[in-house]
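Chain by chain, the residues run as shown.
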Amino acid sequence: MSSPGLNNGIRVVMLGPPGSGKGTQARALEQRFGARQISTGDMLRDHVQSESELGKAAQRFVESGGLVPDVIIIKMIEAELGESRGFIMDGFPRTVAQARAFDAFLAGKNLSLTAVIYFKADHQTLIERLASRWTNPRTGRTYNTVSNPPQVAEIDDDDAGPLMQREDDSAETVTKRLQVFEEQTSPLIQYYRDAGTLIEVDAMLDVAHVTREIEDALDPESVPT
Ligand code: AMP
């Protein structure tokens, strides 16, 4: 069976620090562009929960807020993508080595990235945002108890199941994740700027505003597919 949008030509990477809205925007754009969101964080959490071999190898990195080794991630993504031609990557690549491997993987299929959206955000705001983030572990939908609360506290609006706070959203682990972003992921800003694919958005604006900015930048009329 093919998923919707499997052959759509939009190939987008969401690049930004934790809590900057990558997942929220990726889910909003899935419908609009018919390309599916691929969240490496969600995939890894599923593996950890199901205690797969990959999950056992990844667990300590995910829980401490460090990065899972490149080779594990690259294999996981290549298996997930298979023959897909369209995707919205949420949380991958996170290192220059991952980005290079990804470019080579796409080039092997005669493909390249349509765009890389860089979510520019102020770190102090992110720490506050993540402390008030609640997630539906079944769907990945997120809420913010200050700016975007569920109708009933700790209950998902869609499936009425319980919401959870991610363990790695604790203040201590968030600080580590931000530091990891600065040290290991932020070099990708220049990497993709040099490649000519970087689009910068102000991730401190409200959700709808950021969605509009990205939609305008990715308008199928104006980007090659
Ligand atoms: P996220 O949900 O995107 O914040 O990811 C949660 C955690 O999963 C990260 O803190 C990392 O431990 C791990 N992770 C997710 N994506 C990657 C990646 N591309 N490379 C390495 N580790 C990753």
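Just so you know, these numbers come straight off a predicted model, no measurement behind them. (Residues numbered from 1 in each chain as written. Predicted model: local features only at pLDDT ≥ 70, side-chain atom pairs only at ≥ 80, totals over all residues. Heavy atoms only, no water.)

1. Quick look at the environment of R100
Point 1. By the element assignment, R100 lies in helix α5 (residues 96-107).
Point 2. For R100, a relative accessible area of 54% corresponds to the exposed category.
Point 3. Spatially, the C-alpha atom of R100 lies 17 Å from that of F87, the residues being 13 residues apart in sequence. (Helix = DSSP H or I, 4+ residues; strand = E, 2+ residues; numbered from the N terminus. Buried < 20%, exposed > 50% of the residue type's maximum accessible area, 1.4 Å probe, protein only.)

2. Details of the packing of aromatic side chains
Point 1. Scanning all chains against the criterion turns up 3 aromatic pairs.
Point 2. Seen in terms of ring centroids, F87 and F102 are 5.6 Å apart; in terms of plane orientation they differ by 45°. Their pairing is tilted. A residue pair is termed long-range when its members are at least 10 positions apart, and F87 in strand β3 (residues 87-90) and F102 in helix α5 qualify at 15 residues.
Point 3. Given a relative accessible area of 0%, F87 falls into the buried group. (Phe/Tyr/Trp six-rings, centres within 6.5 Å; stacked < 30°, edge-to-face > 60°.)

3. Description of the confidence of the model for the chain
Point 1. Across the chain, the average pLDDT comes to 91, with 94% of residues at or above 70.
Point 2. Considering only residues more than four positions removed or in separate chains, one finds that residues 1-7, a stretch of pLDDT under 50, has 9 contacts. (pLDDT = per-residue confidence, 0-100. Contact = heavy atoms within 4.5 Å.)

4. Description of the site of the ligand
Point 1. Taken together, 17 residues form the shell around the ligand, and within it T40, G66, G91, R94 and Q98 come nearest.
Point 2. In the model, a nitrogen atom of the ligand is placed 3.1 Å from a nitrogen or oxygen of the V68 main chain.
Point 3. In this structure, Q98 approaches the ligand through a side-chain N or O atom, which is 2.9 Å from a nitrogen atom.
Point 4. Only α2 (40-50) and α3 (53-64) provide two or more residues apiece to the shell around the ligand.
Point 5. Among the elements that line the shell around the ligand, the one with the most residues is α2, at 4 residues. (Near = heavy atom within 4 Å. Polar contact = N/O pair within 3.5 Å; in protein donor to acceptor, adjacent residues only side chain to side chain.)

5. A short note on empty space enclosed by the protein
Point 1. All chains considered together, the criterion is met by 1 cavity of 30 Å³ or more.
Point 2. Size it by volume and the largest cavity reaches roughly 40 Å³.
Point 3. Lining the largest cavity we find I74, I77, E78, F92, Q98, A101, F102 and F105.
Point 4. Of all elements in the fold, only α4 (70-81) and α5 reach the threshold of two or more residues within the lining of the largest cavity.
Point 5. For the lining of the largest cavity, the element with the highest residue contribution is α5, accounting for 4 residues.
Point 6. Tallied by class, residues from the lining of the largest cavity come to 6 nonpolar, 1 polar and 1 charged. (1 Å grid on protein atoms, 1.4 Å probe; cavity = no way out; pocket = protein on both sides within 12 Å on 5 of 7 lines; lining within 4 Å. Points joined across faces, edges and corners; volume = space filled by probe spheres on them. Nonpolar A, V, L, I, M, F, W, Y, C, P; charged D, E, K, R; others polar.)

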